[in-house]
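One-letter residues, chain by chain:
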Amino acid sequence: MSEPLPLVDAHHHVWDLDRRPQPWLDEPGLEPIRRTHGMDDLRRAASRPLAGRRLTRTVLVQCVASVAETRELLALAERDPLIGAVIGWADLTSPTVGDVLDELRAGPGGGRLRALRHLVQGESDPEWLQRPAVERGLRAVRERGLGYDVLIRDHQFPQAIRLARRFPDLPLVLDHAGKPPVGRSSLTEWTRQVRALADCPQVRCKVSGLITEADHRAWTLDDIRPVWDTLLAAFGPDRLMFGSDWPVCVLAGGWDRWAAAVEELLHDCSPDEAGAILAGTATGFYRLKDAPCS
């Protein structure tokens, strides 16, 4: 029997509420995911194949601004072969951020640290990514061969574009396609900004988090398709990567419904193009190694 084709989930989370609170889960409407979620829960949720592929590797992403959480995620990655990479957090504004990164990389699972992320979407400063202290921190990230996941809302694209232009040798990933207003308003301005960011060749984009930007109960494939078409035209399949945003996607239908939507959207792609989006781009960017799904 031939081995199944790989499927990489480039963006998912886990959290243990008995061990570490997640204050953001206190927001109204998040009740369906306000419980502990672990890797076994993800395995059960992702049991449905996507385009004939079964999950073989994942990229685990931080949730809170905590170095301690990042240590826990790296230690989990050391124990669980499904996790190929971790996107952690460290205070980019700290003059000792380089030392913190060295300590994380030297600890359990530190070899799986591939990038950092900060919740820029929650920052009110329209030039947060251009702060001198932040840029100093990003240089420390770049010097250690790490990438940076850009988490912004659609109105924050200008600072992401400035970041990409100022740091052409810093590998960047746009999380959740910059959170477009799916099915809510015109995509014209978002489209313009996506194209500008895609002009920077070191930027990749995660096709993730789209259904939670749409109407959670009423979204349809027709709501998602214009976003998909724009991303495919701007980045091309070799710079796009599938992500589930599990378990947040549970709010809008869960893994099965999102996987079914992606499968439909891939119908016009060649096998090589689909392979890039579903595994190749993430494997290359996050330097993943082959491992069995256990």
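These lines cover the structure that appears in this document, whether it is placed above or below. (Residues numbered from 1 in each chain as written. Predicted model: local features only at pLDDT ≥ 70, side-chain atom pairs only at ≥ 80, totals over all residues. Heavy atoms only, no water.)

## Some details on the nonpolar core
Here comes step 1: If you look at the biggest cluster of nonpolar residues, it comprises 81 residues, and the most contacted ones within it are Y148, L231, W258 and L266.
Here comes step 2: Ranked by residue count, the leading element in this core is helix α8 (residues 254–265), at six residues. (Core = buried A, V, L, I, M, F, W, Y, C linked by side-chain atoms within 4.5 Å. Buried < 20%, exposed > 50% of the residue type's maximum accessible area, 1.4 Å probe, protein only. Helix = DSSP H or I, 4+ residues; strand = E, 2+ residues; numbered from the N terminus.)

## A short note on the sheet that holds strand β2 (residues 54–61)
Pairing between the strands of a sheet is mediated by backbone hydrogen bonds and can be parallel or antiparallel.
Here comes step 1: One open sheet holds the eight strands; their spatial order is β1-β2-β3-β4-β5-β6-β7-β8, and the pairing between them is parallel. The strands lining the two open edges of the sheet, one partner per strand, are β1 (6–12) and β8 (240–242). Between one strand and the next, the sheet's axes are offset by a mean angle of 30°, whatever the strand orientation.
Here comes step 2: Bridge count for strand β6 (residues 172–174) against strand β7 (residues 203–207) is three bridges, and the pairing is parallel. (Pairing = 2+ DSSP bridges. Axes fitted to C-alpha atoms, helices over the stretch in contact; angles between N-to-C directions.)

## Some remarks on unusual backbone geometry
Here comes step 1: Note the cis peptide between W246 and P247, where omega equals 0°.
Here comes step 2: Positive phi, normally seen in glycine, also occurs at A51, with a value near 55°.
Here comes step 3: Mapped onto the elements of the fold, A51 is located in the loop between α1 (39–45) and β2.
Here comes step 4: A relative accessible area of 37% means that A51 is categorised as partly exposed.

## A closer look at the packing of helix α7 (residues 221–235) against α8
Here comes step 1: Between α7 and α8, whose axes approach to 11 Å, the crossing angle comes to 55°. In terms of orientation, α7 and α8 fall into the oblique class. Note on packing geometry: the crossing formed by α7 with α8 is right-handed. Between α7 and α8, the contacting residues are L221, I224, R225 and W228 on the first element and W258, A261, E264 and L265 on the second. (Parallel < 35°, antiparallel > 145°, perpendicular 65-115°, else oblique. Left-handed = near helix turned anticlockwise from the far one by under 90°. Contact = heavy atoms within 4.5 Å.)

## A look at the side chain of H11
Here comes step 1: Examined against the element boundaries, H11 turns out to sit in strand β1.
Here comes step 2: Engagement of the side chain of H11 in a polar contact is seen with the side chain of H13, the distance being 3.5 Å.
Here comes step 3: In this structure the side chain of H11 is engaged in a polar contact, spanning 3.0 Å, whose partner is the side chain of K206.
Here comes step 4: Discounting residues that sit within four places of it in the chain, H11 has contacts with V59, V61, R117, D175, H176, K206, S208, G243, S244, D245 and W246. (Polar contact = N/O pair within 3.5 Å; in protein donor to acceptor, adjacent residues only side chain to side chain.)

## Re the packing of aromatic side chains
Here comes step 1: By the definition in use, this model includes three aromatic pairs.
Here comes step 2: Look at F242 and W255: their rings are 5.8 Å apart centre to centre, the planes differ by 90°, and that puts the pair in the edge-to-face class. Here the residue F242 occupies a position in strand β8, and W255 occupies one in helix α8, the gap between them amounting to 13 residues. Like W255, F242 is buried. (Phe/Tyr/Trp six-rings, centres within 6.5 Å; stacked < 30°, edge-to-face > 60°.)

## Points about helix α9 (residues 271–285)
Here comes step 1: Helix length check: α9 (15 residues) gives 20 Å between terminal C-alpha atoms against 21 Å at 1.5 Å per residue, within 8%.
Here comes step 2: Restricting attention to buried positions, one finds in α9 the residues A274, G275, A276, I277, L278, A279, T281, A282 and F285.
Here comes step 3: Contacts made by the buried residues of α9 are with β1, β6, β7, α7, β8 and α8. (Expected span 1.5 Å × (residues − 1).)

## Quick word on the side chain of Q193
Here comes step 1: Here Q193 lies in helix α6 (residues 188–198).
Here comes step 2: Residue classification places Q193 among the buried residues on the basis of a relative accessible area of 8%.

## Digging into helix α4 (residues 132–143)
One full turn of an α-helix is made of 3.6 residues, so residues set three or four places apart face in the same direction.
Here comes step 1: Compared with an ideal rise of 1.5 Å per residue, which puts twelve residues at 16 Å, α4 spans 17 Å between its outermost C-alpha atoms and is within 8% of the ideal.
Here comes step 2: Buried residues along α4 sit in contact with α3 (97–106), β4 (113–118), β5 (147–150) and α5 (157–166).

## Comments concerning the pattern of salt bridges
Here comes step 1: Inspection of the entire model under this criterion finds 19 salt bridges.
Here comes step 2: Taking the shortest distance from any N to any O, the salt bridge between R144 and E143 comes out at 3.9 Å.
Here comes step 3: For E143, a relative accessible area of 60% translates into the label exposed.
Here comes step 4: Taken together, the salt bridges that share partners define one network made up of D102, R105, E143 and R144. (Salt bridge = Lys/Arg side-chain N within 4 Å of Asp/Glu carboxyl O.)

## Details of the packing of α6 against α7
Each packed pair of helices is defined by two parameters, the angle between the axes and the distance between the axes.
Here comes step 1: For the pair α6 and α7, interaxial distance at closest approach is 9 Å and the crossing angle is 25°. By the angle between their axes, α6 is roughly parallel relative to α7. α7 is crossed by α6, and the crossing has right-handed handedness. Residues W190, T191, V194, R195 and A198 of α6 form the contact with α7, whose own contacting residues are V227, T230, L231, A234 and F235.
Here comes step 2: For the contact of α6 with α7, the class distribution of residues is seven nonpolar, two polar and one charged. (Nonpolar A, V, L, I, M, F, W, Y, C, P; charged D, E, K, R; others polar.)

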